[in-house]
Amino acid sequence: MTLSVPTARPDADLVIGSRGSALALWQAEWVKKQLEQAVPTRRVAIQIIKTTGDAILDAPLSKIGGKGVFTKEIEEALLAGVVDLAVHSLKDLPTRLPEGLKLGCVTQREDVRDALVAREGIQSLDDLPPRAIIGTSSLRRQAQLLARRPDLQLADLRGNVGTRLQRVDEGRYDAIILAAAGLSRLGFEARIAQRIPTDIMLPAVGQGALGIEIREGDSTTQAAIEVLAHHRTWHACEAERAFLHGLGGGCQVPIAAHAVVDDEGRLRLRGLVARVDGTRLVQDELTGDARFAEDIGRELAERVLAQGAAELLAELHT
C-alpha cells in the first residue's frame, strides 16, 4: 500500500508531524503546548499524516512490518521539510532511523506498566477464568501472559483505544491489555482493572515516553525541543533501545526491557526474550553508570543471546 505524504507546509515557525489517532493527537497537542509556552511568540502547527499502520487494521502488526509501519510516512515528511519534528510513542519508533534523521530528545516518562482492562468482576490477571479470551496485538504481551497462564486464549486486537475498549464492553473479550500511559493520557484511567507489575509483565522498549524525531543538522529545532527533554528518561530509554538494537528485534519479536536510573546515576536494566507461546523466557539484568547506558544495553543483549535468546530469535525467523 502506498500512501501520499503531504507536500504543502503549514505557515508556522515549527510544524509537528503526527498520526491522526486520538492518542497521537493528544501527544502532539501536549508537545505543541510546551513549545508555545516556552516561547509565546512561536507559532506551532500540527500536520496530520496517515501511516501504513493506520491504514491496515485487519492484520497483526507482526505481519505488516512491525514498528516502522507507524513512522515511515511521517519520516518522509520530515526529510522533505514539510514538518520539523515528529512526535512518537517511543515504543513505536525503530532503533534504526532513516539516514538524515535522529532522535532529538525523549520526554519525561509516565507509567511504564501494561494495564488490564476487563469485563465486570475481573480485577487482576489472577481473576481471569480458565481459557479466558484476551485481546492483544503484541507478541511481547502474549508470550508473558502465556508463560503465567498457558490456558488463556489470545486474540489479535487492532484499532484505536476507543474501539478496543468497546470490544470489551460488547463481550468479545474477557479482557484486553493496553499501555497504562496511553489510557491515562486519554482519560480512561477508570477503565484500568490492574496496572500489571513489571516483574509479571516487562514493558516494551521505550513504553511510557515520547520520542521527538528531527532532521540531523537542524540546530533550530534541536534548540526548541530542549524544553521537552528529560535526561534521566533519556538514559533509561537509551539502554533499552541499545538492548533491542543488539538483538535486532522489533514488534515481530517478543522482546521486553525496562531501565530505571536512581538519584545517584546508577542504571538498572532488565531485559527479556521469549518464545511466542510462553514456554521459554530468557531474562537477565545489568546495573551500571547511567552515563554508559548504551554500553549496558549492548552488554545485556550479548548476555541474553549467550543464555539462549539467540536460539529463540532463530526460531522466529525460520
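Scroll up to find the structure this text is about.
Given the structure is predicted, the values throughout are model-derived calculations rather than measurements.

K.L.:
Mind showing me how you'd approach the pairing of strand β3 (residues 85–89) here?
P.N.:
Walk down a regular strand and you will see the side chains alternate between the two sheet faces. Most of β3 is tucked away: 5 of the 5 residues are buried. Residues of β3 alternate between two faces, with L85, V87 and S89 on one and A86 and H88 on the opposite face, all of them buried. The sheet contact formed by strand β1 (residues 14–18) and β3 spans 2 bridges and is parallel. Bridge assignment links G17 to a residue of β3, and that residue is A86. One ladder, built from 5 bridges, connects β3 with strand β10 (residues 210–215); its direction is antiparallel. Across the sheet, residue S89 finds its bridge partner in β10, namely L210.

K.L.:
Could you clarify how one ought to interpret the environment of T163 in this entry?
P.N.:
In this structure, T163 sits in helix α6 (residues 161–169). We classify T163 as partly exposed; its relative accessible area is 27%. Sequence spacing of T163 and R109 is 54 residues, and the spatial spacing of their C-alpha atoms is 25 Å.

K.L.:
Is there a simple way to explain the sheet that holds β10 in this structure?
P.N.:
Where strands meet in a sheet, backbone hydrogen bonds hold them as pairs that are either parallel or antiparallel. On the basis of which strands lie adjacent, the open sheet formed by 5 strands has the order β2-β1-β3-β10-β4 and mixed pairing. Unpaired on one side and paired on the other, β2 (44–48) and β4 (101–106) mark the two borders of the sheet. Across the sheet, the axes of successive neighbouring strands diverge by a mean angle of 30°, strand direction being ignored. Against the sheet, helix α1 (residues 22–38) contacts β1, β2, β3 and β10, and its axis sits at roughly 165° relative to β2.

K.L.:
Where do I start with α6 in this structure?
P.N.:
Residue pairs spaced three or four apart in an α-helix point in one direction, given the helix's 3.6 residues per turn. Regarding α6, the residues found buried are V161, R164, L165 and V168. End-on, the buried residues of α6 take up no more than an arc of 95°, which puts them together on one face. Lining the buried residues of α6 we find β5 (114–118), β8 (175–179) and α7 (180–185). The opening residue of α6, the one whose side-chain oxygen lies 3.2 Å from the backbone nitrogen of G162, is N160. Positive phi shows up at G171, right after α6, with a value of about 85°.

The rules we used
- Residues numbered from 1 in each chain as written.
- Predicted model: local features only at pLDDT ≥ 70, side-chain atom pairs only at ≥ 80, totals over all residues.
- Heavy atoms only, no water.
- Buried < 20%, exposed > 50% of the residue type's maximum accessible area, 1.4 Å probe, protein only.
- Helix = DSSP H or I, 4+ residues; strand = E, 2+ residues; numbered from the N terminus.
- Pairing = 2+ DSSP bridges.
- Axes fitted to C-alpha atoms, helices over the stretch in contact; angles between N-to-C directions.
- Contact = heavy atoms within 4.5 Å.
- Arc of directions from axis to C-beta.
- Polar contact = N/O pair within 3.5 Å; in protein donor to acceptor, adjacent residues only side chain to side chain.

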